Structure formats: C-alpha cells, structure tokens
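Secondary and tertiary structure notes
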Amino acid sequence: MPRSSPAELTLPAPWRERALRTIDRLKLPTSTELEFVLGLSSYVERVAGQQTAWLIDALEQHAFAAPLDLADWRRQITTAAAAADTTEALQRTLRQLRNRSQVHIVWRHLLGLAPLEETIRALSGLADQFIDAALERLMTWLTAERGVPRNAAGEAQSMVVLALGKLGAGELNLSSDVDLLFCYPEPGTTDQGLTNDQFFTRLGQQLHAVLDRLTADGFVYRVDLRLRPFGASGPLVSHFDAIEQYYQREGRDWERYALQKARVCAGDQAAGAALLERLEPFVYRRYLDFGMLEALRDMKAAIIREHRAPANVKLGPGGIRDVEFTIQVLQLIWGGHERALRTPVLQRAAAAVIELELLPLSAVDALLNAYRLLRDAEHSLQAFDDQQTQLLPDDDDGLLRVALSLGFPSAAAFSAELTAQRAAVQAVFAELIAPAPPATADAAEAEAGTGPLTPTGEWWHSDAAALTAQGFATAETTAEALERLYRARQRRDVDAAGRERLDALLPRLLAEAVQLRAALLDTEVETMPGAASADYASGELVEVLCDYADLADRAVQRVVPLLIAVLRRSAYLALLLENPNALRRLLLICAASRWLAERLGRHPAFLDALLDERQLEDLPDAPVLRAELRERLAPYGGDDERWYAELRDFKESHHFTAALGQVRGTLPLMRTSDYLTFLAEAVLQAALDHAWRQHAGEEVTAGAGDPAAPPFLILAFGKLGGFELGPDSDLDLVFVHDLGPEQGRLLQRVSRSLLATIGTQTSFGPLYSVDTRLRPAGAAGTMVTRLDAFERYQLEQAWTWEHQALVRARPVVGSPELAARFEALRERILGQPRDPEQLRVDVLAMHERLRQHFRSLPADVKRSAGGIVDIEFLVQHLVLAQAHEHPQLALWTDNVRILETAAAVGVLATEEASALTAAYLALRTEGHRAVLDLPDAERGADTLAQHRDLVAAIWQARFGVPLDAIAPV
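The rules behind these values
Residues numbered from 1 in each chain as written. Predicted model: local features only at pLDDT ≥ 70, side-chain atom pairs only at ≥ 80, totals over all residues. Heavy atoms only, no water. Helix = DSSP H or I, 4+ residues; strand = E, 2+ residues; numbered from the N terminus. Buried < 20%, exposed > 50% of the residue type's maximum accessible area, 1.4 Å probe, protein only. Contact = heavy atoms within 4.5 Å. Areas by Shrake-Rupley, 256 points an atom, 1.4 Å probe, with all protein chains shown as cover. 1 Å grid on protein atoms, 1.4 Å probe; cavity = no way out; pocket = protein on both sides within 12 Å on 5 of 7 lines; lining within 4 Å. Points joined across faces, edges and corners; volume = space filled by probe spheres on them. Nonpolar A, V, L, I, M, F, W, Y, C, P; charged D, E, K, R; others polar. Salt bridge = Lys/Arg side-chain N within 4 Å of Asp/Glu carboxyl O. Expected span 1.5 Å × (residues − 1). Patch = residues over 30% accessible without salt bridge, like charges linked within 9 Å, V, L, I, M, F, W, Y side chains within 5 Å. Lys, Arg positive; Asp, Glu negative; His and termini not counted. Charge placed at Lys NZ, Arg CZ, Asp CG, Glu CD. Pairing = 2+ DSSP bridges. Core = buried A, V, L, I, M, F, W, Y, C linked by side-chain atoms within 4.5 Å.

Thoughts on the overall build of the chain
Across its full length, the chain carries 41 helices and 14 strands. When each of the 969 residues of the chain is scored for burial, the buried share is 54%. When contacts within the chain are restricted to residue pairs at least 6 apart in sequence, long-range pairs at least 24 apart make up 74% of them. Looking at the chain as shown, the accessible area adds up to about 40,800 Å², and 52% of this sits on carbon and sulfur atoms.

Quick look at empty space enclosed by the protein
Counted under the stated rule, the structure contains 5 cavities of 30 Å³ or more. Here the second largest cavity is characterised by a volume of approximately 60 Å³. Lining the second largest cavity we find Arg-98, Ser-101, Gln-102, Leu-123, Leu-126, Phe-130, Leu-172, Asn-173, Leu-174, Ser-175, Ser-176 and Tyr-221. For the lining of the second largest cavity, a count of residues per class yields 6 nonpolar, 5 polar and 1 charged.

Observations regarding the pattern of salt bridges
The full count for this structure, using the stated rule, is 43 salt bridges. One salt bridge connects Glu-35 with Arg-16, and the closest N-O pair in it is separated by 3.0 Å. Of this pair, Glu-35 sits in helix α2 (residues 32-40) while Arg-16 sits in helix α1 (residues 13-26), placing them 19 residues apart in sequence. Given a relative accessible area of 11%, Glu-35 falls into the buried group. A salt bridge links Arg-786 to Asp-738; the shortest N-O distance between them is 3.5 Å. Of the two residues, Arg-786 is situated in strand β13 (residues 784-786) and Asp-738 in the loop between β9 (731-737) and α33 (744-759); the sequence distance between them amounts to 48 residues. Of the residues examined, Asp-738 reaches a relative accessible area of 30% and is grouped as partly exposed. Several salt bridges converge on common partners, so that one network encompasses Asp-738, Arg-786, Asp-788, Glu-817 and Arg-821.

So, helix α16 (residues 361-383)
Given a rise of 1.5 Å per residue, 23 residues ought to cover 33 Å, and the 33 Å separating the end C-alpha atoms of α16 matches this to within 8%. Of all 23 residues making up α16, 18 are buried, and the element is well covered by its neighbours.

Considerations on a negative patch on the surface
Together, Asp-394, Asp-395, Asp-396 and Asp-397 make up a negatively charged patch on the protein surface. Summarising the element assignment, Asp-395 is placed in the loop between α16 and α17 (396-405).

A few points about the pairing of strand β2 (residues 160-164)
As a general feature of sheets, a regular strand has side chains that alternate between the two faces. Judged by how many residues are buried, β2 sits mostly within the fold: 5 of 5 residues are covered. Side chains Val-160, Leu-162 and Leu-164 project from β2 onto one buried face, and the interleaved Val-161 and Ala-163 project onto a second face that is buried too. Sheet analysis places β2 next to strand β3 (residues 177-184), joined by 5 bridges and oriented antiparallel. Its bridge partner being in β3, Leu-162 is matched across the sheet by Leu-181. Relative to strand β7 (residues 263-267), β2 is paired through 4 bridges, and the arrangement is antiparallel.

Looking at the nonpolar core
Among the nonpolar cores identified, the biggest contains 113 residues, and Val-161, Leu-180 and Phe-414 are the most heavily contacted of them. Of all the elements, helix α7 (residues 116-146) adds the most residues to this core, at 14 residues. In this structure Val-161 touches Ile-131, Leu-135, Leu-180, Leu-181, Phe-182, Leu-207, Arg-263, Val-264, Cys-265 and Ala-266, once residues within four positions along its chain are discounted.

Concerning helix α39 (residues 895-905)
For α39, the set of buried residues is Asn-895, Val-896, Ile-898, Leu-899, Thr-901 and Ala-902. Elements in contact with the buried residues of α39: α31 (669-695), α38 (868-882) and α40 (910-931). A positive phi of about 90° marks Gly-906, the residue just after α39.

Keep in mind these values describe shape, not function.
See below:
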C-alpha cells in the first residue's frame with residue numbers, strides 16, 4: 001500500500017512533546033521530520049545528545065536528504081582509522097562514525113525516503129569499510145611488532161575476512177550481528193619467527209575486540225565467529241588448505257547452506273575470491289542435488305518446530321527465514337547445474353528462480369513482497385533503540401510506533417497487511433520439499449526386492465520378516481533404524497571407504513546383537529569374552545538384561561545413531577571391525593544404557609574407552625585431575641574458545657568414564673560420587689582462575705596475597721558439598737570474598753564470567769547447571785558476599801532451613817585462608833544450642849513446603865516417602881539438634897560419615913545408623929541408575945519398599961509424627 005508522509009501522520013502527543021523537549025534542550029533546528037524521527041527513535045535521541053554539533057551541522061546541510069555516499073564514507077573511515085594511534089582511539093573513532101552513519105540510515109528509513117534496497121546496501125557497504133579499515137590498522141601495528149607473515153617462498157601473507165549470513169549477502173540489517181570467518185592463504189612464519197597461525201590468530205582476536213567490545217560509545221558490530229570450521233571449538237583462524245580439507249571431509253549440509261552467503265568483505269580480496277572458487281564444488285554439487293532432500297526436509301521441520309513465536313518477524317510463521325529458506329533450498333538443489341542461482345543475494349536468486357521456472361511467478365512475487373515488508377518492519381524495530389530484535393511489541397503503543405514508521409495510519413492497518421503477507425509466504429513455504437509420498441508395495445518390491453533396504457554391492461539388507469526369523473523381537477522398529485542407516489550411507493559426503501567398512505561391519509554387528517543374550521546367559525561361552533563376566537558388567541546387570549526379549553533390538557537401534565555419526569570418519573568403523581571385543585562391549589553398553597548410547601552418538605571419540613580399560617581401573621584423584629586439567633588448558637590461555645573447548649572435552653570424557661564404570665558395575669556408588677565431585681572441583685578451579693585472570697589483572701594488589709589463590713572462595717552446598725554428585729547433579733554454589741567495597745564491580749564481573757563458563761551450552765547441555773539461591777537473602781541478595789557479612793547473616797538473620805543447608809556446605813575452590821575461616825564459622829553455627837521443639841517445628845515446616853512444591857511419582861527414590869530427601873532431613877535435624885553437645889557431628893558434610901559419627905558418639909543407635917546408611921546408599925544407587933536409563937524400572941519401587949518402614953520408624957521416633965502424614969515430598 002502507498003506510504004504516507006510524516007506530515008500526513010500524527011504522532012501521539014507524549015511522543016511529540018518528548019521530541020520537542022529534546023530539540024529545545026539541544027538547540028536543534030526544528031522541523032516536522034526531526035520531530036517525527038526523535039518521537040520514534042530513542043537511539044537517534046541518544047546519539048543527538050552525544051554528537052550534537054555534528055547533528056546540527058548535518059541538519060543544516062540537509063545531509064540526510066540524499067542517500068548515504070559510500071565513497072565519501074569510505075574516505076572518512078579509512079582516514080580516521082589511519083589517524084588512530086592506540087587501540088582505544090581506534091575503537092572510539094569507529095564507534096562514533098558508526099553512530100553517525102546509523103543515524104543517517106535510520107532517518108531515511110523512518111521517513112520513508114529509502115527503499116529496502118538502499119538501506120541494506122548502505123548498511124552492508126559500511127560494514128565492509130569498518131571491518132577493512134580496522135583490519136588494515138591492526139595489521140600495520142602487528143607487523144611492526146611481530147614482523148610480516150610470509151609463506152614458504154617468502155611471499156607476504158594477508159588476512160582474508162569472509163562474511164556469511166546477512167552481511168555475506170549484502171543484506172545487513174540495522175542492528176545485526178556479523179557472521180565472519182577469518183583465514184589466510186598459506187602457512188609460514190613472520191620475520192621475527194612467529195608462525196602465521198599465531199600471527200593471524202592474534203590479529204583475529206584483536207579485530208574481534210575492536211569491533212565487538214562494548215564501550216561508552218557502544219560497539220561497531222556484534223561479531224559471531226561460530227560458523228567457522230569445527231564451530232566454536234575450532235581454531236579462530238585457518239589457512240586455505242585446512243579450510244578446504246575440512247569442508248571436503250567434515251562439511252555438513254547446513255554448512256553448505258551457510259556458505260551460500262559467503263563473500264569477501266575485508267582483507268585480501270583476490271586471495272579470498274580464489275578460496276571461494278575452491279569451495280564452490282562443496283556448496284553447489286555438479287549434478288542435480290536431490291541427494292540432500294532429506295537433510296533439507298529435516299531443516300524445514302526444524303524451522304516449523306520453531307514457529308512458536310508469531311510476533312517474531314524473522315523466525316515466526318511466514319517470516320523472513322521462511323522466505324530465505326525457500327529460495328536457498330532451490331539454489332542448493334539446482335545451483336550445481338544452473339550458474340545463475342549461485343549468488344548470495346536473495347533478490348538476484350529469486351530472479352533466477354523465475355527465469356528457470358522453478359516456482360510460479362505469483363509465488364516469487366508473494367515471497368518478495370512479504371520480504372520487503374518484513375525486512376522494513378525488522379529495521380523499524382531495530383531503529384527505535386539500536387537493539388537486535390525481531391519481536392513485534394505486544395502493546396498498542398509499541399505496535400503503533402512500528403505502523404507509523406512504515407507509513408501506516410494505524411496499528412490495525414499494519415497488522416492486517418502483515419498478516420496477509422505472511423499467510424502468502426506460508427502457502428509457498430508449505431509446498432516446499434513436501435514429504436515424498438510413500439511408495440506402493442509393488443514399487444518398493446520392484447526397487448528393493450524384499451525390504452526397506454536397497455541392496456548395493458555387498459550391502460547386507462533385510463526386511464522385518466527376515467529380522468524376526470533371526471531373533472529380533474521388535475523387527476519393524478529395528479528395520480526402520482537400519483533404513484535410516486542406509487539412507488545416511490548413500491549421502492554424497494560419505495566416501496567409498498566409509499561405505500565399504502560399514503558394509504563389512506553391519507553383518508557382524510547384527511550377528512553379535514543376536515548372540516548377545518545367549519552369551520550373557522552363559523558366561524562360560526568364549527564368543528563373548530569379558531562382556532558377560534564380572535570384569536566388564538556386573539552379574540546383577542547381566543541378570544536384568546537377560547530378562548529383555550528385545551535385547552538385540554535395543555542394542556542395534558541405539559548403535560545406529562552412532563554409526564550414522566561416524567560414517568564420514570570411518571576410522572571408527574575400522575576400529576569396530578578390527579576389535580571384536582570393542583564391538584561386543586559397544587552393543588552391551590548401548591543395550592544397557594540409553595544415556596551412554598546418546599553420549600557416544602554425539603562424541604564418538606568416547607569409543608576409545610571400550611579399548612583402553614585402564615582408565616576405568618585407575619581413576620585419578622583430586623590433585624591429579626586438577627593438574628591434568630591445568631596442563632591441558634595452559635596452551636590456550638589467550639584463546640577463549642579453544643580454552644573452553646578443552647575444558648568441555650575434559651569434563652565430558654571423565655563424566656563418560658564415570659558413567660561407564662557404573663554401567664559395568666566396577667565403580668561403586670561412593671567412589672563414583674567422589675570421582676564426579678573431584679571432577680567438578682577441578683572444573684570450578686579452572687573457571688575461577690580463568691575469570692580472575694580475565695577481569696582482575698592488576699586491579700587487585702594490596703591484600704591479595706598469593707596470586708594463585710585470590711581472596712575469593714567458592715562454597716559448595718548440597719550434593720557437591722556432600723561428596724554425593726551423580727550423573728545429572730547440579731551445583732549449589734555460594735561465592736564469598738574478602739575485598740573492600742570498592743572492588744564490587746570486579747567481583748560481579750568475576751562471578752558472571754565464572755557462571756557463564758560453567759553454564760555455557762554445549763552439545764551435551766551446559767557443563768553444569770548451577771544454582772546460587774542459597775546465598776544470603778537468596779535470589780534477592782548480591783551474587784558475591786564478604787565473609788564477615790555472610791557470618792552476620794547466618795548468625796542474625798538466617799532461617800533454620802539455611803542452617804540445614806549449611807550441614808552440607810564446604811569450601812571447594814579459592815583462598816585457603818578464607819576456607820579455614822569459613823570452616824570455623826560453619827562449625828560454630830552448627831554447634832549453637834537450639835530450642836528442641838522449635839527446631840522440630842521448623843524442620844517439619846520446611847519438609848512440608850517441599851512436599852507442596854514438588855510432586856513425586858510412586859517410584860521416585862528421591863522424594864517418595866522413605867526416600868532420599870527424608871533421610872537427608874533426618875541427618876540435618878540430628879546435626880542441628882546435637883552438635884552443641886557433640887561437635888564431631890559438624891566435622892563432616894556427607895551423610896554417610898555423619899551417620900557413622902552419630903552412632904559413634906551415641907546419639908543414634910548403631911542399628912538405626914546402619915539402617916539409614918544402607919537405605920541412603922541403595923536409594924542413591926537407584927537414582928544413578930534412573931539417570932543412566934539402565935533397565936529394570938521396578939527396582940526403584942522395590943528398593944523404596946524394602947527400606948521405607950525402617951526410615952518411617954526412625955522418623956516417627958525423632959519427630960513424633962508419622963512419615964506418611966507429611967510425605968511424599
């Protein structure tokens with residue numbers, strides 16, 4: 001619909017009054033246009049206050065009446081960057097220029113002076129100039145300091161910056177991040193002996209900081225580097241050969257999708273163009289690429305699953321991403337054959353789609369019309385406050401602001417048009433790569449002979465009937481899993497070696513799966529060496545597994561995702577071919593534990609644990625774990641991403657080892673918990689050291705003492721405090737310190753950095769889920785507390801339940817001096833005399849609160865009556881009630897040793913202590929089994945039933961009320 005001019009639109013009175021106040025305060029030349037822009041954009045208002053003289057001059061010169069002159073801005077940016085004599089000066093001048101150019105673009109957009117094409121061209125062109133100017137200045141400084149990087153022939157090397165995503169397509173939005181990939185042509189060294197990898201990694205880190213770091217002037221661009229080879233765990237900068245080899249060997253379908261938008265935006269343009277030419281065969285296959293249809297269907301399904309935010313103009317149904325995906329799918333399928341489709345620019349690709357008649361003209365028109373409206377709406381949302389958002393406001397005023405910025409007279413008129421346009425996109429998107437209709441029985445038989453797997457060469461295949469005949473109990477499901485494996489085998493990125501090894505492995509795997517149950521039943525049978533005996537799996541686990549008629553099916557169905565994951569790294573297939581015991585053990589542990597099977601599928605390197613059992617027998621203790629982790633992290637102190645990848649791999653590999661030992665039955669419960677506890681402490685130590693190095697620097701000197709032990713302490717409560725971590729335990733942490741109030745900001749930065757490290761999402765989820773609500777005043781309290789303030793709170797304000805939590809609190813990482821002071825404080829608090837009746841009432845009240853908050857399942861070993869929580873409450877009450885007479889009760893933080901001490905000092909009968917200890921260990925064992933998804937779900941209920949009466953009797957004797965009256969928790 002035609003756009004109205006600002007004079008034809010009416011700003012609500014409060015918005016216009018705010019704009020007039022700003023004009024008056026800053027003494028700006030008044031105009032209807034300025035009132036309109038200031039009324040809509042708090043970002044323009046903010047820049048006006050920071051750069052008033054520049055804005056007055058621009059308004060008087062009518063600078064915004066014409067499109068932004070990219071050639072002139074190129075000169076300004078280049079000159080200003082070259083004049084900067086420090087990194088700080090470079091950051092400041094680039095940010096100030098960026099704000100000025102943004103105001104120019106926002107002005108023209110909000111007033112309807114610039115079509116979409118002008119806006120995205122200006123934004124993308126400016127980004128190229130800012131990145132290139134920053135790179136050139138940093139390169140000059142670094143070569144002066146470290147020498148010129150050269151290849152083996154002595155030729156100078158320069159960095160290439162590839163842009164992906166919106167910037168790669170020349171379609172940047174107003175507040176977008178920029179997806180960048182840093183690379184250089186060839187390995188070599190600098191004139192001063194630094195390797196090219198070291199040189200360009202340092203240059204890449206500096207460029208990222210100059211662009212991305214938030215200062216008083218804002219940022220230049222938010223920079224995302226995760227689309228590089230191997231993602232966040234990969235090297236920051238790679239040479240061309242390494243990049244090409246990665247995409248040939250490791251490249252995935254979504255990476256082809258990402259590389260469609262690749263473009264050289266800064267650095268050595270000629271070298272970058274040569275690299276993109278080398279990568280083109282990976283992106284656009286030579287023949288019609290129907291082979292990736294399944295992957296594209298999966299991508300589309302993922303997009304549909306995320307259509308849960310209708311207010312999101314990018315990710316919601318009929319949004320920007322749906323338009324882009326529709327065009328890019330056609331590019332991927334047909335681009336290898338039709339060169340016109342090989343462009344990162346959406347509108348050019350859409351024109352080629354029309355010319356090649358890949359979609360009807362009406363469909364492409366619908367996509368492009370909606371795309372312009374959606375992108376314009378996106379720009380308006382970001383123009384208001386320079387925020388990276390695509391969410392439409394949920395209030396009337398906010399929606400009206402978007403409508404007015406796009407020339408609509410009302411929010412209703414804008415919403416109606418947007419709804420119609422998005423519906424048109426959805427109609428086209430729904431028809432894109434729709435699921436293929438199922439083949440008829442006759443067609444399937446003609447193509448595949450007898451079943452769902454098409455035989456190719458020596459490919460072993462079978463249908464459900466054949467699998468049933470061989471001994472598979474749920475043959476239909478197993479056949480479906482094998483069909484998925486076959487489809488993966490047929491992918492173009494699986495080489496001949498991978499196919500041959502899989503063809504050889506599959507018959508052996510199926511035969512071993514069928515033999516698994518028989519071998520487990522007869523531990524003397526030599527066909528299953530080690531796997532059915534106590535040195536690999538406990539007799540208890542063997543007995544349970546043998547009760548499952550579908551044991552072979554479980555094993556195969558859970559192994560298939562792993563085989564799919566390693567098809568392009570077929571060395572793992574060779575490992576299983578050459579090591580029959582490893583194959584048998586793999587089938588056994590996958591049949592036994594879904595948790596382990598899923599971890600193997602996501603991290604096939606864990607297969608090494610099936611070959612080298614020494615790591616399962618000789619587990620490292622706490623000092624060894626900390627030393628090993630320090631050694632592994634030391635080379636990456638200057639590369640945060642590589643450092644984090646090493647930390648993640650260290651944690652996950654040891655976590656897997658602990659779980660494997662439990663499944664084997666060779667790692668007892670308490671040893672498992674100790675191992676997992678020591679592992680968590682090592683990770684916390686590394687995270688604290690890293691955060692302190694990053695943020696403290698020279699800021700903390702006086703009173704800091706040993707720099708390796710800063711005046712900061714991590715306290716562990718709950719499972720970590722009690723040496724009782726399990727496979728899924730979170731960490732209950734409290735941070736205390738001994739610094740002055742002037743260091744408050746530093747402490748907040750350190751704690752936030754530490755929590756970000758521990759909580760960063762990986763393919764396995766975060767390293768640990770962390771709960772910090774046990775700090776003084778809970779979620780309302782400060783994240784880091786001085787120890788003396790912690791002491792006052794515990795002595796004067798803490799509730800009884802907070803003293804209960806203190807029973808399992810201990811220092812785990814940080815200053816030894818602070819740790820000693822905390823331990824003395826803890827013993828003093830726990831040893832206070834308490835009114836017995838009030839303590840009983842308080843503990844029961846807290847138990848009732850938990851019962852109301854959490855609802856348990858009948859076999860919930862943690863919260864059902866007589867379960868883990870009830871025993872923990874008994875122990876906590878015991879310590880708080882008796883520690884003033886028997887201080888030994890406050891020495892330990894784990895329940896088992898507290899119960900042993902209670903029996904030793906006579907406050908609990910030996911029989912009672914033994915009964916509670918046995919119940920607690922048995923229930924915790926079942927809790928671990930449930931997390932690892934071991935078979936025999938009835939065991940939990942049976943274990944509860946076995947111990948519940950004893951726990952209930954002790955509860956009745958101690959609290960004077962029946963356990964059933966307040967349970968389950």
